[in-house]
Amino acid sequence: MESAYVLTGVTSGFGAVALARIRECVANPIIVGARSAAAADALAGGQVRVLPLNLESLASVRRFCGELAGVPVCGLGLNARG
């Protein structure tokens, strides 16, 4: 399994710029955690996989982490706020 970048807070601001730059520079999978399904849908495709993540919900955080189980991570960008 290829290692992946994991990013949060990518629907605007610094996170959106970081996602765009990483997309340009690497071929690795990019896993994005996003609270807003509507905003995240625009990001999905190619090497980007969007997973629901609401930092105000412990259950949501646990589901997100469960989806990452076994995925080797080569980069981590935590930009979301709860």
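Before reading further, recall that the structure is shown in the block above.
What you are looking at is a predicted structure, and each value in this text was computed from that prediction instead of being measured.

The rules we used
Residues numbered from 1 in each chain as written. Predicted model: local features only at pLDDT ≥ 70, side-chain atom pairs only at ≥ 80, totals over all residues. Heavy atoms only, no water. Core = buried A, V, L, I, M, F, W, Y, C linked by side-chain atoms within 4.5 Å. Buried < 20%, exposed > 50% of the residue type's maximum accessible area, 1.4 Å probe, protein only. Helix = DSSP H or I, 4+ residues; strand = E, 2+ residues; numbered from the N terminus. Contact = heavy atoms within 4.5 Å. Pairing = 2+ DSSP bridges. Axes fitted to C-alpha atoms, helices over the stretch in contact; angles between N-to-C directions.

Trainee: Which parts of the structure should I look at to understand the nonpolar core?
Mentor: Generally speaking, soluble globular proteins have nonpolar side chains that are buried together. Counting residues in hydrophobic clusters, the biggest one holds 9 residues: Leu7, Val10, Leu19, Ile22, Val26, Ile30, Val32, Leu43 and Val48. At the level of secondary structure, the elements contributing two or more residues to this core comprise helix 1 (13-25) and strand 2 (30-34). Discounting residues that sit within four places of it in the chain, Leu43 has contacts with Val10, Thr11, Leu19, Arg23, Val32, Val48 and Val50. In terms of nonpolar packing, the next biggest core, distinct from the first, is built from 8 residues, Ala4, Val6, Ile31 and Leu68 among them.

Trainee: Hey, could you run me through the sheet that holds strand 1 (residues 4-8) in this one?
Mentor: Within a sheet, adjacent strands bond to each other through the backbone by hydrogen bonds, running parallel or antiparallel. The strand order across the open sheet built from 4 strands is 3-2-1-4, with neighbouring strands paired in parallel fashion. The sheet is open, and its two borders are formed by strand 3 (48-52) and strand 4 (73-78), each paired with just one other strand. Averaged over all pairs of adjacent strands, the angle between their axes in this sheet comes to 20 degrees, without regard to strand direction. Judged from the 5 bridges that link them, strand 2 and strand 3 form a sheet pairing that is parallel. Residue pairing for strand 3: Ala34 is matched across the bridge by Pro52. Against the sheet, helix 1 makes contact with strand 1, strand 2 and strand 3, and its axis sits at roughly 165 degrees relative to strand 2, the strand it touches most. Helix 3 (residues 58-68) rests against strand 1, strand 2 and strand 3 of the sheet, and its axis sits at about 145 degrees to strand 3.

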